[in-house]
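Structural characterization, general
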Amino acid sequence: MTTTTGQKRQKRQPVNQPSLGAIGWLRFLWRQLTSMRTALFLLLMLAIAAVPGSVFPQRSIDPTRTADWIADRPTVGPWLDRLGFFEVYATPWFASIYLLLLISLIGCIVPRTRLHWKAMRQVPPRTPARLDRLAAHTDVEVLGDRGEATLDAIETALRRRRYRVHRHAPGTLSAEGGYLKETGNLVFHIAIVGIILGVAAGHLWGWKGDAVVPEGQTFAKTRFDTFAPGPLVGDDTVPPFTLKVNRFDAEFETDVTGRGQFGMPRDFTAYVTATEDGVSREAEVKVNHPLELDGATVFLLGNGYAPVITVRDADGEVLYSGATAFLPQDNNYQSVGAIKVPAAEPGLGFVGWFLPTAEIDPTAGPRSVFPDVLAPALALTAYEGELFPDGRPQSVFRLNLDQMSQLTNADGSDAARLWIELGETVEIPGGRGTITFESVDRFAGFSVRHDPATLFTLISSLLALGGLLLTLLVPRRRVFARASPSGPEGRTVVTMAAMAKADDTGLESLLEALRDDLHDDLHDDLRDDSRNDLHSTTTTPDREDRGR
């Protein structure tokens, strides 16, 4: 016995697995790339890759803050910059995930569309032999040999419900409906591809710029505070225009007894003069009411106060004069800002608060108690030194203190703090001159944007929503019916059954509705108690029963 077993082992040939080859490997990789698992994984990777864009400042949005972040972290900042963490959405690794997801979706949509088109043109399958094994079923008895007439009535009722019906053999009926479910699924995926392409087109050929414009001043495309053009945007892409802010109105809630909250904003309106191709027109820009230019849209994103300040040296010569924007920090428009006087030697800088309705709280210190200009004041701290160290860009609302020192009082015991009310002039410590609070202007914060794929992306988003609703709301069902004689009494039993592609709690309601239609059409031929013969089950037959 042992010898025989050994001989069999010696005769056993090794298993030679076939080689895939280059084409086989390409086919294998393509199938892996276009699988649903890969698409979900790439979608997850895209979400993870977008996280740094929310965590770290982005150069295209705020270059000043990005430069300060890197300068404050000289060890890790340059490395993160090399890896593209400050320009995430333009990095090769983000674009590669983006493109792979696009390819995966297209590779999944094309074969599914072909299969769906083929399935829509095929007739429903034949009626199973054992209808009582389907998910839901019911029997209806009719008098006489009325099987075909009953099936005709069932066919009419199903066609009213948009089912495709076919008779494979006499006495049987097959119907199928709910193709809109798969159609909606395909429309949803195609629309997602459209959204991806629209966002990509907006990134490549779109641009946006932000500007803070005080009342009475004008800005053009060459005076954006921040400007982020797309990679394929040329110098002639941004249309020539100018925008002058004639007046800015703000309304706040002043009724302390009404239902509104005291001090809350009610309306913001910027009255502007827009000039394009030498033609000027008056316009209003509101929140959610942008101004449409030729090739650009102007949005009102913010507003605040720009106190008009004049700084003179010890000889009375004007070193700085103009409206200086302060950035609001709360609902009462307590605003932070910086005044930079590079004409002074050494440079002068003031940083602090603008308070539209000022008071000095014994605990909290200077604060604003109402957003409108009722009792304006400036609370500033003075510095001297190098205003722009290393020539780095910096925010207009901040003062870089790396190479500056704080001015002190005359005795040098404490830091100099200036409290300046409207129309007041105060001395700058150290005999550096004077600073005057002349008046208060308002400023408007505009965002000018151009996205060539806005309409395309909007249509794709609506199609995606519609496709998703079809996928969720339309059930995919099959209905079968079989008519057979029953006994010597000359009666016919019609069995109806329904099944769904997924869990469906509405199968019994569908059969009940079909029985109601039959009762209306064949009322005289139905047995009186046939409406109580509904037999159904909420569980799908097991695999052994389905195979019988």
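Residue numbering note: each chain is counted from 1, following its sequence as written. Since the coordinates come from a predicted model, pLDDT governs what is reported: local features require at least 70, and pairs of side-chain atoms require 80 or more to be given and counted, while whole-chain, interface and lining totals use all residues. Only hydrogens and water are set aside; all other atoms, that is, all heavy atoms of the structure, feed into the side-chain values.

1. Here we look at the overall build of the protein chain
Short version of the rule: The helix count covers DSSP runs of H or I at least four residues long, the strand count covers runs of E at least two residues long, and both are numbered beginning at the N terminus. Three exposure classes are used, based on accessible area relative to the maximum for each residue type with a 1.4 Å probe and protein chains only: buried under 20%, partly exposed in between, and exposed over 50%. Contacts between residues were defined by any pair of non-hydrogen atoms, one from each residue, lying within 4.5 Å. Note on areas: Shrake-Rupley with a 1.4 Å probe; residue coverage comes only from the protein chains shown.
Helix and strand content of the protein chain: 12 helices and 25 strands. When the 548 residues of the protein chain are sorted by exposure, 40% land in the buried category. Here the contacts in the protein chain between residues at least 6 apart in sequence split such that 62% fall between residues at least 24 apart. Total accessible area computed for the protein chain in this model is approximately 31,100 Å², and 56% of it derives from carbon and sulfur atoms.

2. Here's the deal with the pattern of salt bridges
We apply this condition: Any carboxyl oxygen of Asp or Glu that lies within 4 Å of a side-chain nitrogen of Lys or Arg is treated as forming a salt bridge with it.
Counting across every chain of the model gives 19 salt bridges. The salt bridge involving R477 is made with D504; its shortest N-O contact spans 2.6 Å. With R477 in strand β23 (residues 477-486) and D504 in the loop between β24 (491-500) and α11 (507-521), this pair connects stretches of sequence that are 27 residues apart. You can call D504 partly exposed: its relative accessible area is 22%.

3. Some remarks on the packing of aromatic side chains
How we decide: For Phe, Tyr and Trp, rings pair up if their centres lie within 6.5 Å, where Trp contributes its six-membered ring, and each pair is then called stacked (planes under 30 degrees apart), edge-to-face (over 60) or tilted (otherwise). Note on criteria: charge over ring means Lys NZ or Arg CZ within 6 Å of the ring centre, with the direction from the centre no more than 35 degrees off the ring normal.
According to the stated counting rule, one finds 23 aromatic pairs in the structure shown. When the ring of F354 is compared with that of F437, the centres are 6.2 Å apart and the planes differ by 85°; the resulting orientation is edge-to-face. Taken together, the residues F354 in strand β15 (residues 347-355) and F437 in strand β22 (residues 433-450) connect sequence positions 83 residues apart. Comparing F354 with F437, the two get one shared label, buried. A cation over an aromatic ring shows up here: R82 above the ring of W79, its NZ or CZ 4.8 Å from the ring centre.

4. Concerning the sheet that holds strand β8 (residues 265-276)
Rules: Strand pairing is assigned whenever DSSP identifies at least 2 bridges connecting the two strands. Orientation is described by lines fitted to C-alpha atoms, with helices fitted over the stretch in contact, and by angles between N-to-C directions that extend from 0 to 180 degrees.
Read across the open sheet, the 4 strands follow the order β5-β7-β8-β9; overall the sheet is antiparallel. Edge positions in the sheet fall to β5 (218-220) and β9 (279-286), since each has one partner strand and no second. Across the sheet, the mean angle separating the axes of adjacent strands is 25° when strand polarity is ignored. Note: strand β7 (residues 241-252) against β8, 11 bridges, orientation antiparallel. Bridge assignment links E251 to a residue of β8, and that residue is D267.

5. Overview of the nonpolar core
To be explicit about the condition: We define the nonpolar core as a collection of buried residues of types Ala, Val, Leu, Ile, Met, Phe, Trp, Tyr and Cys that are connected through side-chain atoms lying within 4.5 Å of one another.
Counting residues in each nonpolar core, the largest one holds 48 residues, and the members touching the most others are F219, V272, L291, F350, I435 and F446. At 6 residues, strand β11 (residues 296-312) tops the list of elements feeding residues into this core. Leave out the neighbours within four places in its chain, and F219 touches A211, V213, F224, F241, T242, L243, F446 and V448. Formed by 23 residues, the second largest nonpolar core is a distinct cluster that contains L158, V165, A175 and A498.

6. Here's the deal with the environment of L507
By the element assignment, L507 lies in helix α11. Separated by 10 residues in the primary sequence, L507 and A497 place their C-alpha atoms 8.7 Å from one another. Those residues in contact with L507 that lie beyond four places of it in its chain are A135, A136, R477, A498, M499 and A500.

7. What about the pairing of strand β20 (residues 417-421)?
Covered by surrounding structure in β20 are L418 and I420 only, the residues R417, W419 and E421 on the alternate face being uncovered. In terms of strand pairing, strand β18 (residues 377-385) meets β20 through 5 bridges, oriented antiparallel. If you follow A377 over to β20, its bridge partner there is E421.

8. So, the environment of A415
Structurally, A415 is set in the loop between β19 (404-406) and β20. On the basis of relative accessibility, which here comes to 16%, the residue A415 falls in the buried class. A415 sits 14 residues away from P429 along the chain, and the two C-alpha atoms are 9.6 Å apart. For A415, the contacting residues outside a window of four places in its chain are Q406, L407, T408 and N409.

9. Some words on the packing of helix α3 (residues 36-49) against helix α7 (residues 92-121)
Note the cut-off: Angles are sorted into four bins: roughly parallel if under 35 degrees, roughly antiparallel if over 145, roughly perpendicular if 65 to 115, and oblique for all others. Take the far helix as the reference: if the near one is turned anticlockwise from it by less than a right angle, the crossing is left-handed, and if turned clockwise, right-handed. Amino acids are sorted into nonpolar (Ala, Val, Leu, Ile, Met, Phe, Trp, Tyr, Cys and Pro), charged (Asp, Glu, Lys and Arg) and polar (every other residue, Gly among them).
Direction vectors running N to C along α3 and α7 enclose 155°, while the axes themselves pass 9 Å from each other. When the axis of α3 is compared with that of α7, the two are roughly antiparallel. In terms of crossing hand, the pair formed by α3 and α7 is left-handed. Residues M36, A39, L42, L43, M45, L46 and A49 of α3 touch α7, and the partners they reach there are W93, F94, I97, Y98, L100, L101, S104, C108 and R112. A per-class count over the contact of α3 with α7 returns 14 nonpolar, 1 polar and 1 charged.

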